[in-house]
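Observations on the three-dimensional arrangement
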Amino acid sequence: MRYGHAEITNEFAEITNAFAEITNAFAEATNAFAEITNAFAEITNEFAEATNEFAEITNEFAEATNAFAEITNAFAEATNAFAEATI
């Protein structure tokens, strides 16, 4: 069957429309992927902030532990000095 100019133009228009639909679907999928990527980045940033806060708390706990150790050592020295004085 031979196609006339109008039929060829219509076929080309249908193909062009189908390609436009595919392109739009791809754009929507790309946008959805971007949203997921952004959400993941936000979660990652929040996790990093929580990790940093945990590190700060851990450091403060270490400082408190060291201070307690110093107090304990001072108490031990005082106890030893008292023991020597009473002997």
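Just above, that's the structure.
Here's a quick rundown of the structure. In this text, all values refer to a predicted model and were calculated from it rather than measured experimentally.

1. Topic: the overall build of the protein
Secondary structure summary: the protein contains one helix and zero strands in total. Its C-alpha radius of gyration of 37 Å places the protein more than 25% over the 12 Å reference for a compact globule of 87 residues. Overall, the C-alpha framework of the protein stretches about 125 × 15 × 10 Å when taken along its three principal axes. Counting all 87 residues of the protein, 0% fall into the buried class.

2. Digging into the environment of Thr44
Topologically, Thr44 is positioned in helix 1 (residues 5-86). A distance of 2.8 Å separates a polar atom in the side chain of Thr44 from the backbone oxygen of Phe40.

3. Here we look at the environment of Thr86
With respect to the element layout, Thr86 can be found in helix 1. Within polar-contact distance, the side chain of Thr86 engages the backbone oxygen of Ala83 at 3.0 Å.

What counts, and at which threshold
Residues numbered from 1 in each chain as written. Predicted model: local features only at pLDDT ≥ 70, side-chain atom pairs only at ≥ 80, totals over all residues. Heavy atoms only, no water. Helix = DSSP H or I, 4+ residues; strand = E, 2+ residues; numbered from the N terminus. Rg over C-alpha atoms; globule rule 2.2 N^0.38 Å. Buried < 20%, exposed > 50% of the residue type's maximum accessible area, 1.4 Å probe, protein only. Polar contact = N/O pair within 3.5 Å; in protein donor to acceptor, adjacent residues only side chain to side chain.

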